[in-house]
Amino acid sequence: MATHSSLADKASLPPYLHSRPHCTQGRRTTALFRAVVGAIVLATIVHFLPHLSVTSLSVFIPRPKAPLAAQTSPTASPDDASFDWFALKPSEDINWTPCYSGEQCARVLLPLDYDTPGGPQTAIALRMIPATDRDNYKGTLLVNPGGPGGSGTGFIGRAGRNISRIVGPEYDVLGFDPRGVGATTPSARCFETDSQRKLWDLQEDQRLLNLTDGSVDVYRARDRLVAARCEEKIGGEWGIAKFAGTHNVARDMLEIVQKLGQEKLQYWGFSYGTVLGQYFAAMFPDKIGRVIIDGVFDAYSYRANIWDTSLVDTDAVINSFFHFCHEAGPDKCKLWENSPSRIRTRYLDVLRAVETEPVAIPLADPPLILTRNHLHAQIFGAIYKPLAGFGLVADTIAAVESGNLTALTALAPKIVDPTECSCAAPNQPWLAGSEAMRAIECGDGDEQPFDALAFKEYYERSQALTQLAAPIWAKNYLACAEWRVRPKTRWMGPFEAEKTANPLLLISPRYDPVCPLADAQAVHARFGGAGLLIQESYGHCSLSAPSLCTAKHVRAYMTNGTLPAPGTVCEVDELPFIGRTNASKLRAESREDAELLDAMRGLSQALPVSRLR
């Protein structure tokens, strides 16, 4: 085992990170760098044998440990900038080290292939906010922010303390980087440096993807290139792309839970994290504790690589932009007109104008040519979290419409995240981009090589659902159509359970742009005893709109397992453009209620704007 474990260790800090230049995203800090930029996701118990595409499986032997409360003793810890994930020695036990501000971090070694327990290993990065109420300690809640490919350790930094405030002080809150992601090694990176990847991204065709101008051919060529690099870099016999599947991550979660000394999983997963939750509940129904899946995507559609069913409610969320702008009035929305339809007309007129004549923003940092592609991407990002995004869309369209270059110059870094170059090795290489999303979702999905007619039919179906989002979402179809690496194993069992050890709680907005309520309803019907809470909101997952009602149901479920009554619908306390609702303003709130609502507001800002695919 010692020989093979070096795979995880070697990947800790690739040699090239010591000397090659890299690129990061954010604001540039020196004039020199400004100038430079201008130039430049199973093997498992024998019980599941019929469902896997391999025939030899290892038997899982649990290795329980003492309760976590006895293991942790937070002391003074490094700040965000100085903490070095790769300085943590990975171990087969979870050995906590103080990190960040009163948190605990570790890297745990798990088999890369559970069918080869003596083979190579993966070092999974763990970051935890310890429970503060040890007298009523209920264990550790694992969280997953989605993606696939989202960093759980990063999510803890953005959202962990607010999640802790909602679920209660009796729980630790733990985020982990799934296989290939973030500080977990080996990483699913197919470029030599982050700089190389960013330079590659700068070459992306700025035409809006469509069927008539050859842009599909350009995007396919780019996807073939990335697929070829990934086949070479991470697609070998022991390449992470062969072992990054969601079924393996579900098994990793079980191992982590066992190593923490717990019998059952406590979990809150968002977006793709709901797919991971469905995998776990189907594979290990007797290991379900308190499990919440929020912003539900049907795992059957995910595994079948069915792309367009995700978009059935997308236009409802887009249309809410025009509705809430109108309701808010001219003082709160710069695009206000006396009807939502007139606002929509103004918006679409600007898109058509920019398609014909892109807008030059010469004093932006860096300079920017604003295209229709940018505006489609902007509205697609905004519908994930309307509270944070809709105002920016209105400001951008109004500035383009009026030709206000001063406003556009200030808005440019928010419209297109600027790429920066630094001629120094990265201090935090785990923050570099990766190809984990492709490795996980394309590997999990059915193999569907590109077929021109099939893509045309798919694209036309998607456009019939949403003309604005279809060109953005279709890029994911093409990425998997060109992907070459197939996983060693896949989970092919049913995503259902007549009974789980404890009932699941599903949460869904009424209108989610990429994880429709219909998916949550279908999944709810397949897991016996599960509860479904509908939040009367627009946006991705419940976190996109603060709701005290939702927070109180989550707290009740996490505290004593209470599920919302069938048919329960929660109103929200804040609306895009408008702000706090009248009901929220008039409500008398206890200190605990105010704390819960404040935490929900914080989470609405932390939700990552990231495609599910």
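Everything below is about the structure printed above this text.
Treat the numbers as computed from the prediction; the structure is a model and nothing was measured.

1. Structural notes on the packing of aromatic side chains
In this description, a pair of aromatic rings is defined by centroid distance and the angle of the planes. Evaluation of the coordinates by the stated rule reveals 27 aromatic pairs. Relative to Tyr302, the ring of Tyr272 lies with its centre 5.9 Å away and its plane at 50°, an arrangement referred to as tilted. Pair noted here: Tyr272 is in helix H7 (residues 272-283) and Tyr302 is in helix H8 (residues 299-303), with a separation of 30 residues, a long-range link. You'll find Tyr272 and Tyr302 in the same group, each marked buried. Considering the side-chain rings of Phe324 and Tyr538, the 5.7 Å spacing of their centres and the 85° angle between planes classify their relative orientation as edge-to-face. With Phe324 in helix H9 (residues 314-328) and Tyr538 in strand E13 (residues 531-538), this residue pair connects regions lying 214 residues apart in the sequence. Here Phe324 falls in the buried class, since its relative accessible area comes to 6%. Through pairs of rings, three or more aromatic residues link up here, namely Phe321, Phe322, Tyr347, Phe390 and Phe577.

2. Description of the pattern of salt bridges
This model, assessed by the stated rule, comprises 32 salt bridges. We note a salt bridge from Lys488 to Asp113, for which the minimum N-O separation is 2.5 Å. Here the residue Lys488 occupies a position in the loop between helix H16 (470-481) and strand E12 (505-511), and Asp113 occupies one in the loop between strand E3 (103-111) and strand E4 (121-129), the gap between them amounting to 375 residues. Lys488 gets classed as partly exposed once you look at its relative accessible area, which sits at 34%. Glu435 is the salt-bridge partner of Arg197, the closest N and O atoms lying 2.9 Å from each other. Placement of the pair is Arg197 in helix H4 (residues 194-202) and Glu435 in the loop between strand E11 (419-422) and helix H14 (436-444), with a sequence separation of 238 residues. An identical accessibility class is assigned to Arg197 and Glu435; each is buried. Through salt bridges with shared partners, a single network forms among Glu103, Arg127 and Arg161.

3. A few points about the side chain of Thr246
The topology assignment puts Thr246 in helix H6 (residues 246-259). Polar side-chain contacts of Thr246 include one of 2.4 Å to the side chain of Asp444.

4. Topic: the sheet that holds E3
An order of E2-E3-E4-E6-E5-E7-E8-E12-E13-E14 is seen for the 10 strands of this open sheet, with the pairing classed as mixed. Here the strands that pair on one side only, and so sit at the sheet edges, are strand E2 (97-99) and strand E14 (569-570). Looking at chain direction, E3 and E4 are connected through 8 bridges and run antiparallel. Residue Pro111 lies in a different strand from E4, and its bridge partner there is Gln121. The sheet strands contacting H7 are strand E5 (139-144), strand E6 (171-176), strand E7 (265-270) and strand E8 (288-294), and the helix crosses E7 at an angle near 145°.

5. Some thoughts on the state of the cysteines
A covalent bond between the sulfur atoms of two cysteines is what we call a disulfide. For the structure on display, the rule yields 5 disulfides. Here Cys190 engages in a disulfide with Cys230; their sulfurs sit 2.0 Å apart. With the S-S bond torsion at 110°, the cross-link from Cys190 to Cys230 turns out right-handed. Here Cys190 is found in the loop between E6 and H4, whereas its partner Cys230 is found in helix H5 (residues 215-234), with 40 residues between them in sequence. Residue Cys190 is classed as buried on the basis of its relative accessible area, which comes to 0%. Judged by relative accessible area, which is 0%, Cys230 ranks as buried. Looking at Cys515, it has no disulfide partner, and the nearest cysteine sulfur is the one in Cys541, 6.2 Å off. Under the relative-accessibility criterion, Cys515 is labelled buried at 0%.

6. Considering the nonpolar core
The tendency in soluble globular proteins is for nonpolar side chains to be buried side by side. Of all hydrophobic cores here, the largest spans 125 residues; its most connected members are Leu126, Phe176, Leu335, Tyr347, Phe455 and Phe577. Examining the composition of this core, we find that 8 residues originate from one element, H7, more than from any other. Dropping the residues within four chain positions of it, Phe577 is found in contact with Phe321, Phe324, Cys325, Ala328, Lys332, Cys333, Phe390, Gly391 and Ala394. In terms of nonpolar packing, the next biggest core, distinct from the first, is built from 31 residues, Phe270, Leu505, Ile507 and Leu596 among them.

7. Focus: the environment of Ser339
Tracing the backbone shows Ser339 in the loop between H9 and helix H10 (340-356). Relative accessible area serves as the criterion here: at 17%, Ser339 is assigned to the buried category. Linking Ser339 and Phe322, residues 17 residues apart in sequence, is a C-alpha distance of 8.4 Å.

8. What to know about helix H11 (residues 372-382)
In terms of residue burial, H11 counts as a mostly covered element, since 10 of its 11 residues are buried. If you check which residues of H11 are buried, you get Arg372, Asn373, His374, Leu375, His376, Gln378, Ile379, Phe380, Gly381 and Ala382.

9. A few points about the packing of H11 against helix H12 (residues 386-402)
For the pair H11 and H12, interaxial distance at closest approach is 8 Å and the crossing angle is 155°. When the axis of H11 is compared with that of H12, the two are roughly antiparallel. Contacts between H11 and H12 involve Leu375, Gln378, Ile379 and Ala382 from the former and Pro386, Gly389, Phe390, Leu392, Val393, Thr396 and Ile397 from the latter. Class assignment for the residues of the contact of H11 with H12 results in 8 nonpolar, 3 polar and no charged.

10. Remarks on unusual backbone geometry
Pro148 follows Gly147 through a cis peptide bond whose omega is 0°. In this model, Asp365 is joined to Pro366 through a cis peptide bond whose omega is 0°. Here Cys541, not a glycine, exhibits a phi torsion of approximately 70°, which is positive. Residue position: Cys541 is located in the loop between E13 and helix H18 (548-560). Residue class for Cys541 comes out buried when judged on its relative accessible area of 0%. With a phi close to 70°, Phe577 is a non-glycine residue in the positive phi region. Mapped onto the elements, Phe577 comes out in the loop between strand E15 (574-575) and strand E16 (579-580). Classification of Phe577 as buried rests on a relative accessible area of 15%.

11. So, the pairing of E7
Most of E7 sits inside the fold, with 6 of its 6 residues counted as buried. A two-sided burial pattern is seen for E7, the buried positions comprising Leu265, Tyr267 and Gly269 on one face and Gln266, Trp268 and Phe270 on the other. Across 4 bridges, E5 lies against E7 in parallel orientation. Bridging across to E7, Val143 finds its partner in Trp268. One ladder, built from 5 bridges, connects E7 with E8; its direction is parallel. Opposite Phe270, over in E8, you have Asp294 as the bridge partner. The β-α-β motif built from E7, the intervening H7 and the parallel element E8 has right-handed crossover chirality.

Analysis parameters
- Residues numbered from 1 in each chain as written.
- Predicted model: local features only at pLDDT ≥ 70, side-chain atom pairs only at ≥ 80, totals over all residues.
- Heavy atoms only, no water.
- Phe/Tyr/Trp six-rings, centres within 6.5 Å; stacked < 30°, edge-to-face > 60°.
- Helix = DSSP H or I, 4+ residues; strand = E, 2+ residues; numbered from the N terminus.
- Buried < 20%, exposed > 50% of the residue type's maximum accessible area, 1.4 Å probe, protein only.
- Salt bridge = Lys/Arg side-chain N within 4 Å of Asp/Glu carboxyl O.
- Polar contact = N/O pair within 3.5 Å; in protein donor to acceptor, adjacent residues only side chain to side chain.
- Pairing = 2+ DSSP bridges.
- Contact = heavy atoms within 4.5 Å.
- Axes fitted to C-alpha atoms, helices over the stretch in contact; angles between N-to-C directions.
- Disulfide = S-S within 2.5 Å.
- Core = buried A, V, L, I, M, F, W, Y, C linked by side-chain atoms within 4.5 Å.
- Parallel < 35°, antiparallel > 145°, perpendicular 65-115°, else oblique.
- Nonpolar A, V, L, I, M, F, W, Y, C, P; charged D, E, K, R; others polar.
- Right-handed = clockwise from strand over helix to strand, strands pointing away.

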